[in-house]
Amino acid sequence: MRRKIIAGNWKMNKNLEEGLSLASEVTNMAADEVPNDVTMVMCTPAIHLSAVSTTTKDSSNVFVGAQNMSEYESGAYTGDLSGNMVASTGATFVIIGHSERREYHFETNAQLAQRVKLALSIGLTPIFCCGESLKTREANEHIDFVNKQLDESLFDLSAEDIKKIVIAYEPIWAIGTGVTASSEQAQEMHRSIRSFIATQYTHEVAKEISILYGGSMKPGNAQELLSQPDVDGGLIGGASLKARDFIDIAKSY
Ligand code: PGA
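I will try to describe carefully the structure that is included in this document. For clarity, every value in this text was computed on a predicted model and none was experimentally measured. (Residues numbered from 1 in each chain as written. Predicted model: local features only at pLDDT ≥ 70, side-chain atom pairs only at ≥ 80, totals over all residues. Heavy atoms only, no water.)

## Things to note about the packing of aromatic side chains
No. 1: Here the structure, examined in full by the defined rule, presents five aromatic pairs.
No. 2: Ring plane angle 5 degrees and centroid distance 4.3 Å describe the contact between Y72 and Y77, whose orientation is recorded as stacked.
No. 3: Y72 gets classed as partly exposed once you look at its relative accessible area, which sits at 35%.
No. 4: Consider the rings of F155 and Y201, whose centres lie 5.7 Å apart with planes at 75 degrees: the pair is edge-to-face. Taken together, the residues F155 in the loop between α7 (142-154) and α8 (159-162) and Y201 in the loop between α9 (183-200) and α10 (203-208) connect sequence positions 46 residues apart.
No. 5: Members of the aromatic cluster, joined through ring pairs, are F155, F196 and Y201. (Phe/Tyr/Trp six-rings, centres within 6.5 Å; stacked < 30°, edge-to-face > 60°. Buried < 20%, exposed > 50% of the residue type's maximum accessible area, 1.4 Å probe, protein only. Helix = DSSP H or I, 4+ residues; strand = E, 2+ residues; numbered from the N terminus.)

Quick look at the structure:
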């Protein structure tokens, strides 16, 4: 059975003290309020991973993730973060290919394919992001665009390995804008992603993969989005910075 996952992407927000306070609030509230079959992940700035992992270590359903990692194992890459470093902090997830990194750091599908493979080889769970711009959607090319992202970054994986990844569909026009995809738009794309995976692998494989929706998800719209049959969770930016909102989204299942 695929997992229900509510992941928070803190982006470049919260200093260490603020981050630790948010992490302990989320961990405590999750213990009291969130059903155990919902996995929660906090993707924090890299510099907080170790401390936040200590905060969550006794939790049964709150985990920690990085927001990015290098495609190289180690070496002379000043300022970069290796997968091994991420895993050594106690973090178990890593976002790969967020649209902000694709745009501002020119990350390519080929580079992201290497990162996904490396993350899996280290035992990290990649949260692989895909999604189209408004221009692409208006040209009615969104399905082809997302298929190409999946094809070029994921389809070299074995059936065993692709089952271990999490996909986040995040339409760029909905990220941080307050505009959410309608539940029909989200379901259409999630179903399309799942059937594209099924054509490359099998239905059994496609059924195992959690596909999260991301883009202005908040307590007020989470239930509607999460009730769609192919929406298995959310990747939440802004609303993950407030413990109450993040927990309320996780309770929307
Ligand atoms: P948002 O961000 O929830 O603030 O739109 C989502 C994301 O970028 O992962």
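Now that the structure has been shown, the text picks up again.
## A word on the side chain of R194
No. 1: By the element assignment, R194 lies in helix α9.
No. 2: With relative accessibility at 7%, the residue R194 sits in the buried group.
No. 3: Within the structure, the side chain of R194 is placed 2.8 Å from the side chain of D232, a separation counted as a polar contact.
No. 4: Setting aside anything within four residues of it in sequence, one finds R194 in contact with R2, A206, K207, I209, I211, D230 and D232. (Polar contact = N/O pair within 3.5 Å; in protein donor to acceptor, adjacent residues only side chain to side chain. Contact = heavy atoms within 4.5 Å.)

## Considerations on helix α11 (residues 219-226)
Because the α-helix completes a turn every 3.6 residues, residues three or four places apart line up on one side.
No. 1: Listed as buried for α11 are N221, A222, L225 and L226. Down the axis of α11, the buried set is contained in an arc of 130 degrees. They therefore lie on one face. Opposite the packed face of α11, turned more than 90 degrees from it, sit the exposed residues G220 and Q223.
No. 2: The inward-facing, buried residues of α11 abut β1 (4-9), α9, β7 (211-214), β8 (233-236) and α12 (243-250). (Arc of directions from axis to C-beta.)

## A few points about the pairing of β1
No. 1: The element β1 is extensively covered by neighbouring structure, given that five of its six residues are classed as buried.
No. 2: Traced from β1 through helix α1 (residues 16-33) to strand β2 (residues 38-43), the parallel crossover comes out right-handed.
No. 3: Bridging between β1 and β8 involves four bridges; their strand directions are parallel. Pairing of I5 across the sheet is with G233, part of β8. (Right-handed = clockwise from strand over helix to strand, strands pointing away. Pairing = 2+ DSSP bridges.)

## Examining the site of the ligand
No. 1: Residues in contact with the ligand amount to 13 residues; listed here are only the nearest, K11, H98, E170, G176 and S216.
No. 2: For the ligand, an oxygen atom lies 2.7 Å from a polar atom in the backbone of G176.
No. 3: The contact in question runs from an oxygen atom of the ligand to an N or O atom on the backbone of S216, over 2.7 Å.
No. 4: Protein coverage of the free-state accessible area of the ligand, which is 290 Å², stands at 94%. (Near = heavy atom within 4 Å. Areas by Shrake-Rupley, 256 points an atom, 1.4 Å probe, with all protein chains shown as cover.)

## Side note on the nonpolar core
No. 1: By size, the foremost hydrophobic cluster in this structure holds 65 residues, and its most contacted members are M40, L150, L154, I167 and I193.
No. 2: Residue contributions to this core peak at six residues, all from α9.
No. 3: Of all hydrophobic cores here, the second largest spans 12 residues; its members include I127, C129, V166 and L212. (Core = buried A, V, L, I, M, F, W, Y, C linked by side-chain atoms within 4.5 Å.)

## What about the pattern of salt bridges?
No. 1: A complete count under the given rule lists 18 salt bridges for this structure.
No. 2: Between R101 and E107 there is a salt bridge whose closest N-O contact spans 2.7 Å.
No. 3: With relative accessibility at 25%, the residue R101 sits in the partly exposed group.
No. 4: The salt bridge partner of D230 is R194, with a shortest N-O separation of 2.6 Å. Taken together, the residues D230 in the loop between α11 and β8 and R194 in helix α9 connect sequence positions 36 residues apart. Of the two residues examined, D230 and R194, each falls in the buried class.
No. 5: Through salt bridges with shared partners, a single ionic network connects R2, R194, D230 and D232. (Salt bridge = Lys/Arg side-chain N within 4 Å of Asp/Glu carboxyl O.)

## Looking at the sheet that holds strand β5 (residues 125-130)
No. 1: Pairing is parallel around the closed barrel formed by eight strands, whose spatial order is β1-β2-β3-β4-β5-β6-β7-β8. Shown here is a sheet whose adjacent strand axes are inclined to one another by a mean of 25 degrees, direction ignored.
No. 2: α1 rests against β2 and β3 (62-66) of the sheet, and its axis sits at about 175 degrees to β2.
No. 3: Across the sheet, α7 touches β5 and β6 (166-169), and the angle it forms with β5 is around 145 degrees. (Axes fitted to C-alpha atoms, helices over the stretch in contact; angles between N-to-C directions.)

## Here we look at the environment of D156
No. 1: By the secondary structure assignment, D156 is in the loop between α7 and α8.
No. 2: Taking the C-alpha atoms as reference, D156 lies 9.1 Å from K117; in sequence the two are 39 residues apart.
No. 3: Discounting chain neighbours no more than four positions away, the residues touching D156 are K117 and Y201.

No statement about biological role is implied by the geometric values presented.
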